[in-house]
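# Examining the three-dimensional arrangement
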Amino acid sequence: MKVLDLGFIDLLDSMGDDNRIVTAARVSYLEVSKGKDADAKLIKYLLKNKHTSPFEQVEFQFLVKCPIFVARQWMRHRTWSYNEVSRRYTSEEIEFHIPSELRMQSHDNKQMSKDVIENPNGLIENIKRLTDLCYSAYDFLLDYGVCREQARMILPANMYTSFYAKTDLHNLFHFLELRNHPHAQEEIRLYAQAIESLIEPVVPVSYKAWKELRDND
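Residues numbered from 1 in each chain as written. Predicted model: local features only at pLDDT ≥ 70, side-chain atom pairs only at ≥ 80, totals over all residues. Heavy atoms only, no water.

### What to know about the overall build of the chain
Broken down by element type, the chain carries eight helices and seven strands. C-alpha extents for the chain along the principal axes are approximately 70 × 40 × 25 Å. Counting only contacts in the chain whose residues sit at least 6 apart along the sequence, the fraction spanning at least 24 positions is 73%. Just so you have it, the chain exposes about 13100 Å², and 50% of that area is on carbon and sulfur atoms. (Helix = DSSP H or I, 4+ residues; strand = E, 2+ residues; numbered from the N terminus. Contact = heavy atoms within 4.5 Å. Areas by Shrake-Rupley, 256 points an atom, 1.4 Å probe, with all protein chains shown as cover.)

Structure representation (structure tokens):
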């Protein structure tokens with residue numbers, strides 16, 4: 001699923017579904033599914049009362065391509081497992097995120113942006129020019145014989161990175177609560193919204209119940 005100008009997120013694999021959650025929850029009684037309606041009611045009860053372990057039985061693996069400044073926010077979630085491309089080993093396929101619009105800093109919230117800046121063309125051109133300058137300097141260092149692990153230090157945070165990311169459904173719901181929230185940075189919100197679209201077909205009952213609880217908080 002395409003995100004931003006050159007980024008994407010792909011659901012590579014998943015283990016388990018709504019039935020896996022129900023089965024895990026009912027194993028205490030050596031029981032399984034009691035039918036669609038009863039299972040949906042149980043899932044909603046589990047979520048509402050924060051009985052989280054059955055949701056840990058379902059896992060998702062994604063391939064993500066996003067700017068470094070998005071990846072660093074993402075990787076603060078330490079309940080995920082990550083494997084990321086290393087610029088110590090490769091200098092190939094380097095790309096950069098150039099925004100199509102710029103936002104103003106919020107005056108009443110230190111971490112948030114607000115209204116879009118009108119007519120930002122000159123500012124965006126400056127971003128592109130400085131990005132190109134950093135990339136040219138990087139290539140110059142490599143051509144001069146400087147090692148990749150040092151040359152990479154001048155590459156800017158709008159450079160795209162790629163990584164595998166795996167987590168379980170409980171921790172994924174927590175990620176989505178934080179990252180698809182009005183206070184989250186818009187760029188990572190777009191990835192969170194894409195994740196929701198990707199996982200809904202896998203766990204439709206759990207996703208619907210979780211979304212209803214979130215939206216009613």
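### Observations regarding the pattern of salt bridges
Going through the model one piece at a time under the given rule, you end up with twelve salt bridges. Here the salt bridges do not stand alone but share partners, grouping Glu196, Lys211, Arg214 and Asp215 into one network. (Salt bridge = Lys/Arg side-chain N within 4 Å of Asp/Glu carboxyl O.)

### Remarks on the sheet that holds strand β1 (residues 2-3)
Pairing in this open sheet of five strands is antiparallel, and the strands run β1-β2-β3-β7-β4 from one edge to the other. Each edge of the sheet is formed by a strand with only one pairing partner; in this case those strands are β1 and β4 (81-84). With two bridges connecting them, β1 and strand β2 (residues 7-15) associate as antiparallel partners. Paired with Val3 across the two strands is Gly7, which belongs to β2. Lying on the sheet, helix α6 (residues 169-179) is in contact with β3 (59-67) and β7 (160-168); it crosses β7 at an angle near 125°. (Pairing = 2+ DSSP bridges. Axes fitted to C-alpha atoms, helices over the stretch in contact; angles between N-to-C directions.)

### Quick notes on the environment of Asn19
Along the chain, the position of Asn19 falls in helix α1 (residues 18-26). Exposure remark for Asn19: the relative accessible area of 41% places this residue in the partly exposed category. (Buried < 20%, exposed > 50% of the residue type's maximum accessible area, 1.4 Å probe, protein only.)

It is worth stressing that arrangement in space is one thing and function is another; only the former is reported here.
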